[in-house]
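Structural overview
Spelled out, the chains give:
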Amino acid sequence: MSSEPEIQPPTTETPEESGEKISKKAAKKEAAKLEKMRRRQEQEEAARKTASLSLEDESSSRNYGDVTLTELQSTADPKAGKWREAVEGKEWTNVSELVEEIAGSEVLIRGRVHTNRPVSSKLGFVILRQSGFTVQCVVTESKEKNVSVNMVKFLKQLSGESFVDVIGVVVLPKEPLTGTTQQVEIQVRKVYCVNSALQKLPLNVEDAARSEADIQAGKPGANQDTRLNNRVIDLRTPANQAIFRIQCHVQIAFREFLLSKGFLEIHTPKLIAGSSEGGAAVFRLEYKGQPACLAQSPQLHKQMAICGDLERVFEVGAVYRAEDSFTHRHLCEFIGLDVEMAIHKHYSEVMDIVGELFPFIFTKLEERCSKELEAIRKQYPFQPLKFLPKTLTIPFAEGIQMLKEAGVEADPLGDLNTEVERKLGQLVLEKYNTEFYILHRYPSAVRPFYTMPCADDSNYSNSFDVFIRGEEIISGAQRVHDPELLKEQAIRFGIDVDTIKTYIDSFRYGAPPHGGFGVGLERVVMLFCGLNNIRKTSLFPRDPLRLAP
């Protein structure tokens, strides 16, 4: 209640009642006085409201704001700031764990501001994103819940991609949510900005996440160079989050299978004295005054490991190729999945491992990564890979014959180009209903110097390639373990044998027959997910034109 005295309206008396006549001038003066009093009353009332609001903000201001640097410097002081006090003793909940079953619970979550939709001075909606999962947060002015209009205002000014901590209550929405992955809402009680992003970013995450269909429908998108130039933002899209989780699971399944078969994981040097594959596609550098190369594969050293009686080995590591290949499937640096093993009598033992390993990997991806595969399909639609329980193997000569019958000419002693590989993949799919198969007994002329020639015809070799969706992903073979034949073939391939002397000598000390294969991790993910460019499956791709970021 106001403590001001009540203002009574002026009375108007007739001359008979008052006995005197009020002049017009006096009446105007009285009216002005009353108007002045009315305005003063309004100002005082507004001041009282402002004072009341300030008092409200003072009591609730600790429920929102920017987190100070001191608080984020791993301080041990639980009272270093209002954020630190608010989160003390609480555990963060992942956005993916926000489900209907925990409705009514108070949670602490951290995420990026995905979208920010203010409705009024007393109501706002913010969608937070964490690792591809999204949840809607609602802030409503409420004296009872100590949520002030200034907190609503603070939430409204948060820029997209800023990191935010929210403390709130999980509630079930009245209607199903279509714009988030989680089907619950968070009623915000406290909100703190952990780190703010620029108001204008060089790449919008929503634009980077557009499907080709969305772009053709007129929605804004982003081209590949823009996305790769701003890769740290591009990686935040749901599809990219899924791609690199799938890449991780390929490695997990690769290791899981090989370890179960008695293989040992090793790590070979990437700085070597001479070329590991032959040819000119090698990065050369100076190594303490000596000429050196970046390894084109772990080939030489994984063979030396077999000669060291490790018998069955594998490696996951970087591979470097100085090729000027401006294609959708070539990189200058990629992650190689390499295997080497002693064999007893036939190189088919190596193919048997391949034939079991990759269906195992594909099956595990389907079992373990269904949500990730669906996230990729939303932006890059693709059909599940077709593969057989027992992997199909075809002799190279038979593949050439299939092409010939289809009207495609291919050199029986040459390599297959990309176009011919795809055509053969199409023929195999039509005939055998599989997109994953092995083509073996390749011509010797198109294989590395360390490949064992066939016993019945030296024009062919004990080697193989493996294909997914019509594209080659794996090369493998039985290796030459005879040092004189190895030296002879190295010279024929133009390799300075002095640079690989230790490699050749390792076979002079007793070496078992052996073979192996190598595959690019990025290419496996690209083809399994039906993607059109290997740069989509390389975290920070390196090609002939790209050395940053």
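Report on the accompanying structure.

Definitions and cut-offs
Residues numbered from 1 in each chain as written. Predicted model: local features only at pLDDT ≥ 70, side-chain atom pairs only at ≥ 80, totals over all residues. Heavy atoms only, no water. Helix = DSSP H or I, 4+ residues; strand = E, 2+ residues; numbered from the N terminus. Rg over C-alpha atoms; globule rule 2.2 N^0.38 Å. Buried < 20%, exposed > 50% of the residue type's maximum accessible area, 1.4 Å probe, protein only. Pairing = 2+ DSSP bridges. Phe/Tyr/Trp six-rings, centres within 6.5 Å; stacked < 30°, edge-to-face > 60°. Lys NZ or Arg CZ within 6 Å of the ring centre and 35° of its normal. Salt bridge = Lys/Arg side-chain N within 4 Å of Asp/Glu carboxyl O. Patch = residues over 30% accessible without salt bridge, like charges linked within 9 Å, V, L, I, M, F, W, Y side chains within 5 Å. Areas by Shrake-Rupley, 256 points an atom, 1.4 Å probe, with all protein chains shown as cover. Contact = heavy atoms within 4.5 Å. Axes fitted to C-alpha atoms, helices over the stretch in contact; angles between N-to-C directions.

Here we look at the overall build of the chain
- If you tally the helices and strands in the chain, you get 17 helices and 17 strands.
- In terms of C-alpha radius of gyration, the chain reaches 36 Å, well past the compact-globule figure of 24 Å for 549 residues.
- Referenced to the eigenvectors of the C-alpha coordinate spread, the extents of the chain come out at roughly 140 × 55 × 45 Å.
- Taken across its 549 residues, the chain has 46% of its residues classed as buried.

Notes on the sheet that holds strand 8 (residues 271–272)
- Strand order across the open sheet formed by 3 strands is 8-10-9, with antiparallel pairing between neighbours. At either margin of the open sheet sits one strand with a lone partner, and together these are strand 8 and strand 9 (284–287).
- In the sheet, strand 8 pairs with strand 10 (residues 290–294) via 2 bridges, with the strands oriented antiparallel. Bridged to I272 within strand 10 is C293.

Describing the packing of aromatic side chains
- A complete count under the given rule lists 13 aromatic pairs for this structure.
- When the ring of Y437 is compared with that of F467, the centres are 5.2 Å apart and the planes differ by 15 degrees; the resulting orientation is stacked. Here Y437 is found in strand 14 (residues 436–440), whereas its partner F467 is found in strand 15 (residues 463–468), with 30 residues between them in sequence.
- Here Y437 falls in the buried class, since its relative accessible area comes to 1%.
- F467 gets classed as buried once you look at its relative accessible area, which sits at 0%.
- Counting every residue linked through ring pairs, the aromatic cluster contains F358, F362, F387, F436 and F528.
- Over the ring of F382 we find R377, and its NZ or CZ is 4.4 Å from the ring centre.

Here's the deal with the pattern of salt bridges
- Within the structure shown, the criterion is met by 30 salt bridges.
- We note a salt bridge from E340 to R479, for which the minimum N-O separation is 2.8 Å. Remark: R479 occurs in the loop between strand 16 (471–478) and helix 15 (483–492) and E340 occurs in strand 12 (residues 333–342); sequence separation between them is 139 residues.
- Exposure remark for E340: the relative accessible area of 0% places this residue in the buried category.
- R479 gets classed as buried once you look at its relative accessible area, which sits at 3%.

Details of a nonpolar patch on the surface
- On the surface, a nonpolar cluster with roughly 260 Å² of combined accessible area is contributed by L271, L285 and Y287.
- Its place among the elements puts Y287 in strand 9.

Remarks on the sheet that holds strand 11 (residues 312–320)
- As summarised here, the arrangement of the 8 strands in space is 7-11-12-17-16-15-14-13, forming an open sheet in which the pairing is mixed. Each having just a single partner strand, strand 7 (264–265) and strand 13 (392–395) make up the two edges of the open sheet.
- With 6 bridges connecting them, strand 15 and strand 16 associate as antiparallel partners. Counterpart to V466 in the pairing with strand 16 is I474.
- In this fold helix 10 (residues 299–307) packs onto strand 11, strand 12 and strand 17 (514–520), with an angle of close to 25 degrees to the strand it touches most, strand 12.

With respect to the environment of G124
- Of note, G124 is situated in strand 3 (residues 123–130).
- Sequence-wise, G124 and L155 are 31 residues apart; in three dimensions their C-alpha atoms are separated by 7.5 Å.
- Discounting chain neighbours no more than four positions away, the residues touching G124 are R117, P118, V119, C137, V138, V139 and V152.

A look at the environment of G414
- Note on placement: G414 falls in the loop between helix 13 (396–405) and helix 14 (418–432).
- As for G414 and A445, which are separated by 31 residues in sequence, their C-alpha atoms are 7.2 Å apart.
- Not counting residues within four places of it along the chain, the set of residues in contact with G414 comprises F396, P443 and V446.

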